[in-house]
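So the chains spell out like this:
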Amino acid sequence: MTQAKSTRADALLDELDTGLAEGELPAGLFGNQEIYDRELRSIFGRCWVFLAHESEIEAKGDYVLRKIGEDNFIVIRDEEGGINVLFDACRHRGVQVCRADSGNTSHFRCPYHGWTYNAKGDLVGAPLWRNAFGGMPKEGNGLSKAARVQSYHGLIFATLDPSAPPLEEYLGGMAWYLDLLFGLNEHGMEVVGPPQRFVIDANWKSGSENFAGDDYHLGTLHRSVWEIGAFPVPFRENMMGYHIQAAPGHSLSFSMAPTEDEPGPKFFGFPEELAETFDTSRISDHQLEIARRSRVMVANVFPNFSMLALPMTEDGANHAPTGVVTIRMWQPHGVGQVEIWNWFCVYKNMTPEQKDRAYKAGLGTFSMGGAFEMDDTEPWITVSRTGRSVAADLLDFKLNYQMGMPGVGIAKQVEDWPGPGIAFWTRYEEGVQRNLYRHYADMMRAEPGTWPKSSFDE
Amino acid sequence: MVGTGARVRVGSALYNEVVEWMDTEAELLDAYREREWLEAMVSRDVVYQVPIRQTVERARGTGFVAGAFHLDETYGSLESRVARNETAYAWAEDPPSRIRHFVTGVRVTEDAEDADLVSVRSNLLIFRTRQEQTQPQLLSGERQDRLRREDGALRLLRREVLLDLTVIGTHNLSIFF
């Protein structure tokens, strides 16, 4: 990349590079327009990003309209059952060809001149074809497609960069942890209904870093949820567990008691009858054991796909907490806005009653009307405001990400952790976030066609 | 949720009672008197839902998705939300946002089977600001309610809020519709 002159964004990325070793981030990362514009190309234009769950488009012709960065893509199942991710722009004049959020169709017809495409994105015709286009090949005039599309546990990802490593290599050590949430039995998971969507005035990275393993905020921001009995593990006990840098960029956190015989929630609070179906058909003994001991798992797949599994209730007086799984996208929507797409997942072999209970508990806690989530958006709005501020620049204002660094707090690296990545015991630790921003910094500076390492071992 | 019986005429005693009920409800909610609203105006059997809406082609209907919600509440979960807003740690609403319910187009229908039930449809506009905001957050939609007379007083038995939005543009849904 040849930069004519150094810009404010370059300076911010320099500050990030040097600051990370000290646990310091420049606030401008959360509000600088040029940084944001670069993210759209260097992060969202290159990384594998989540689009949909396969259970949303089960039948041939089923489609949903989703986004990579700020751009619309049609995710559609074709006649052969294959999944296509098509750029929603007619090859003729660039007009949007899909104008619904979801549906079922055999083709898309552009409303402008009538160019018509099938579910694979191939151009199949236009009005009075011979008069207008006779002699012109249809081949090569189809809809543009994502460079690659792959699923993992039914989670559909795509990348616009043909030089991207295969999805499993991109996920690296994170795949092992996705396995122990989504692959606990042979049935796997499905989503309940279409996603909730809401827009708040915050930067997308605030969501990603929160789900990378910010457990410490629960005691203050979410204190109200204990007062109403929505979550069964007290704050101090819930800080016990592991912080894991699964692979560069991908981080997660488990709430786990110090001993395996603690009586609290097992398997993220999933119903016992469901947990009886969990086995090692798709995962190892170690993975099953970690899931069994875990009260909470929260994770972020770089850049902006997050998940959370934990026992929750929307009505502590009448219902015991049950395992809730939310997956969500922190979709960039300009430097100062994020669109949150929120799905709830259930195991396919749960009873209708169990699914309904999990859905209600999820809605009442981790949705925009939920007791947890409605407080989360509050601080992120002002993080973004600070990120835009001139004062932050003039005062050389740095954000503190030092928790768990050597000499800071009680977190210690675990030497005999059975899974991939770097693990710390106790969750008083922000290495999970530094890992996210280390990889972010590397992606923001990577030359086109080159990739930062996807494993700590390389 | 259109009632099964006759339309209740504007100006009749029942119509006036329903409109007064709606005005009282809006007044309590706008004044943060949520517990009073819950205890005096909501039935223990309430079902209170805000379904998810999608943009779909005209042939596929209005886009509301059966069984998928922004909110799906019972009395217990509404109580939980009221209690949350009363704690000292509900940061999202402390300082509280300012809200105003505008209720218009109240249409009342009797129930053919049950004289204690009335169905009410109304248009709702919520005007919300927070902190120094000058641009309001607006939520607009239709409420489809069923009120039931319990011990002489009307109470909210069923509320479905059909929003005119597919993407919600307010910082949280800690408010009541």
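Residues numbered from 1 in each chain as written. Chains lettered and ligands numbered in written order. Predicted model: local features only at pLDDT ≥ 70, side-chain atom pairs only at ≥ 80, totals over all residues.

On to the overall build of chain B. What chain B contains, in helices and strands, is three helices and seven strands. Helices and strands in chain B line up, N terminus first, as β-α-α-β-β-α-β-β-β-β. Relative to the globule expectation of 16 Å for 177 residues, the C-alpha radius of gyration of chain B, 17 Å, shows essentially globular dimensions. In terms of overall dimensions, chain B has a C-alpha envelope of 45 × 45 × 30 Å along the principal axes. Taken across its 177 residues, chain B has 34% of its residues classed as buried. (Helix = DSSP H or I, 4+ residues; strand = E, 2+ residues; numbered from the N terminus. Rg over C-alpha atoms; globule rule 2.2 N^0.38 Å. Buried ≥ 20, exposed ≤ 12 C-beta atoms within 10 Å, placed from the backbone.)

The subject of this paragraph is the sheet that holds strand E5 (residues 117–129) of chain B. Residues and elements named next belong to chain B. If you trace the seven strands from one edge of the open sheet to the other, you get E1-E4-E5-E6-E7-E2-E3, paired in mixed fashion. Every other strand in the sheet has two partners, leaving strand E1 (7–8) and strand E3 (64–73) as the edge strands with one partner each. Across five bridges, the pairing between strand E2 (residues 42–53) and E3 is antiparallel. Bridge pairing links Arg-53 to Phe-64 in E3. (Pairing = 2+ DSSP bridges.)

Our next topic: the UniProt feature "domain: Rieske" (unreviewed entry) in chain A. Here the UniProt feature "domain: Rieske" (unreviewed entry) sits at residues 48–158 of chain A. Split by type, residues 48–158 of chain A is 5% helix and 41% strand. Its first and last C-alpha atoms lie 5 Å apart. (UniProt positions renumbered as here; feature names shortened; annotations may be inferred.)

Every contact between the two is made by 34 residues of chain A and, on the other side, 32 residues of chain B. Elements represented by at least two residues in the side of chain A that touches chain B include exactly strand E6 (102–104), strand E13 (196–200), helix H8 (223–227), helix H12 (352–363) and helix H13 (373–388) of chain A. Of the residues that constitute the side of chain A that touches chain B, the class distribution is 13 nonpolar, 11 polar and 10 charged. (Contact = placed C-beta atoms within 7 Å. Nonpolar A, V, L, I, M, F, W, Y, C, P; charged D, E, K, R; others polar.)

Attention now moves to the environment of A:Ala27. Residue and element names in this part refer to chain A. One can find Ala-27 in the loop between strand E1 (24–26) and helix H2 (33–42). A residue is classified by how many C-beta atoms lie within 10 Å of it, and Ala-27, with 24 of them, is buried. With 365 residues separating them in the primary sequence, Ala-27 and Ala-392 have C-alpha atoms 6.6 Å apart. Excluding anything up to four places from it in sequence, Ala-27 contacts Thr-386, Gly-387, Ala-392, Phe-397 and Leu-399.

Here we take up helix H3 (residues 75–86) of chain B. Over its 12 residues, H3(B) extends 16 Å from the first C-alpha to the last, a length consistent with the 16 Å expected when each residue adds 1.5 Å. Those residues of H3(B) that are buried are in contact with H8 of chain A together with helix H2 (34–41), E2 and E3 of chain B. (Expected span 1.5 Å × (residues − 1).)

Quick look at unusual backbone geometry now. In terms of backbone geometry, most residues other than glycine have negative phi values and most peptide bonds are trans. A cis amide bond links A:Phe302 to the next residue, A:Pro303, at an omega of 5°. For the bond running from B:Asp94 to B:Pro95, omega is 5°, close enough to zero to count as cis. With a phi angle near 50°, A:Phe267 is a residue other than glycine that sits in the positive phi range. Of note, A:Phe267 is situated in the loop between strand E15 (250–256) and helix H10 (272–275). Phi angles above zero are rare outside glycine, and B:Asp151 is one such case at about 50°.

This part covers H2(A). Residue and element names in this part refer to chain A. All of the buried residues along H2 are Ile-35, Tyr-36, Arg-38 and Glu-39. The buried residues of H2 occupy an angular sector of 165° when the element is viewed end-on, so they sit on one face. Tucked into the core, H2 has its buried residues touching helix H1 (8–20), strand E18 (322–332) and helix H15 (431–445). (Arc of directions from axis to C-beta.)

Let's shift gears to the sheet that holds strand E8 (residues 116–118) of chain A. Residues and elements named next belong to chain A. Here we have three strands laid out as an open sheet, ordered E7-E8-E9, and antiparallel in their pairing. Looking at which strands have only one partner, the edges of the open sheet turn out to be strand E7 (107–109) and strand E9 (123–125). Between one strand axis and the next, the sheet turns through 35° on average, direction left out of account. Two strands pair when backbone bridges link them, and E8 and E9 are joined in this way by two bridges, in the antiparallel orientation. (Axes fitted to C-alpha atoms, helices over the stretch in contact; angles between N-to-C directions.)

Glancing now at the nonpolar core. Residue and element names in this part refer to chain A. Grouped together as the largest cluster of nonpolar side chains are 168 residues, with contacts concentrated most on Val-49, Leu-51, Val-75, Phe-157, Met-297 and Ala-309. Residue contributions to this core peak at eight residues, all from strand E19 (residues 338–347). Excluding residues within four positions of it along the chain, Met-297 makes contact with Leu-181, Leu-252, Phe-254, Phe-268 and Ala-309. (Core = buried A, V, L, I, M, F, W, Y, C linked by C-beta atoms within 7 Å.)

The next subject is the domain arrangement of chain A. Taken domain by domain, chain A consists of domain 1 (49–151) and domain 2 (172–445). Split into classes, the residues belonging to the side of domain 1 of chain A that touches domain 2 of chain A amount to two nonpolar, four polar and three charged. (Domains from an automatic or database assignment.)

A word on the packing of H1(A) against H15(A). Residue and element names in this part refer to chain A. Where H1 meets H15, the axes come as close as 10 Å, and the angle between the chain directions of the two elements is 140°. Classified by the angle their axes make, H1 and H15 are oblique. Handedness of the crossing formed by H1 with H15: left-handed. Contacts between H1 and H15 pair Leu-13, Leu-16, Asp-17 and Leu-20 from the former with Arg-434, Tyr-437, Arg-438, Ala-441, Met-444 and Arg-445 from the latter. (Parallel < 35°, antiparallel > 145°, perpendicular 65-115°, else oblique. Left-handed = near helix turned anticlockwise from the far one by under 90°.)

Here we take up the pairing of strand E22 (residues 422–425) of chain A. Residues and elements named next belong to chain A. Judged from the four bridges that link them, strand E14 (residues 241–247) and E22 form a sheet pairing that is antiparallel. Bridging from a neighbouring strand, Tyr-242 pairs with Trp-425 of E22. Two elements, strand E21 (residues 412–413) and E22, share two bridges in a ladder whose sense is antiparallel. Of the residues in E22, the one forming a bridge with Gln-413 is Phe-424.

What describes two packed helices is the angle between their axes and the distance between those same axes. Residues and elements named next belong to chain A. At their nearest, the axes of helix H5 (residues 174–182) and helix H11 (residues 285–293) sit 9 Å apart, and the two run at 60° to each other. Considering the angle they form, H5 stands oblique to H11. In the packing of H5 onto H11, the handedness of the crossing is right-handed. For the pair H5 and H11, contact is made by Trp-176, Asp-179 and Leu-180 and by Gln-287, Ile-290 and Ala-291, respectively. A breakdown of the residues in the contact of H5 with H11 according to their chemical character gives four nonpolar, one polar and one charged.

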